[in-house]
Structures are given as structure tokens and as C-alpha cells.
Amino acid sequence: MGLKMSEILLIMGVLLLLFGGSRLPQLGSSLGSAIRNFKRGFAGDETPADEKKPGTLASNGAVEKDVNARSTSHQG
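To start, this report covers the structure provided alongside it.

Definitions and limits used
- Residues numbered from 1 in each chain as written.
- Predicted model: local features only at pLDDT ≥ 70, side-chain atom pairs only at ≥ 80, totals over all residues.
- Heavy atoms only, no water.
- Helix = DSSP H or I, 4+ residues; strand = E, 2+ residues; numbered from the N terminus.
- Expected span 1.5 Å × (residues − 1).
- Patch = residues over 30% accessible without salt bridge, like charges linked within 9 Å, V, L, I, M, F, W, Y side chains within 5 Å.
- Areas by Shrake-Rupley, 256 points an atom, 1.4 Å probe, with all protein chains shown as cover.
- Salt bridge = Lys/Arg side-chain N within 4 Å of Asp/Glu carboxyl O.

### A word on helix 1 (residues 5-19)
Relative to the 21 Å expected for 15 residues at 1.5 Å per residue, helix 1 spans 21 Å between its end C-alpha atoms, a close match to the ideal helical length. The first or second residue beyond helix 1 is G20, which carries a positive phi of 85 degrees.

What follows is the structure, given as C-alpha cells:
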């Protein structure tokens, strides 16, 4: 009762049309890291959170820089 090969190809084709070829590797690595962190959370394995790998969506730290800049400018 699993997915047939034609259904898998159809799903992959739709994903390719929606996100484009350049964005799919980023989405795959983000999904993989999310599943890995989910499993670690249930297993109780505590690893450092700053284990960021290049190629993920949040690897450049722009959000953290923006938050830090806003928090220091509004402390007056």
C-alpha cells in the first residue's frame, strides 16, 4: 500500500515546478536537519545548537544580526 514509482515521480515533478531546481537542495538539507533535531530531542541527546552547516537557510546569521541591532538601538 506504499507509493508507486509513478506517484513519486509526479510528486517530485510538482516540487520541481513549485520551488525550482536551485532551491530544492536547500529545502532538502533543512528538512533533514529538522528531522535530525526532532530525533535528538526525543532521544535526549544534547548537542550544541550552534552546529550550523553551510547551505542551510539560516547559515548566514542575518536574522540574529538584525535582532541584535534593533535591540541595542531601542534601549534608550
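### As for helix 2 (residues 24-43)
In this model, helix 2 (20 residues) spans 29 Å end to end at C-alpha, consistent with the 28 Å of a helix rising 1.5 Å per residue. Taken from the residues just after helix 2, G44 is the one with a positive phi, measuring 80 degrees.

### Considering a nonpolar patch on the surface
Side chains of L3, M5, I8, L9, L10, I11, M12, V14, L15, L18 and F19 sit close together on the surface and give an oily, nonpolar patch of about 1,100 Å² of accessible area. Relative to the assigned elements, L3 resides in the segment before helix 1.

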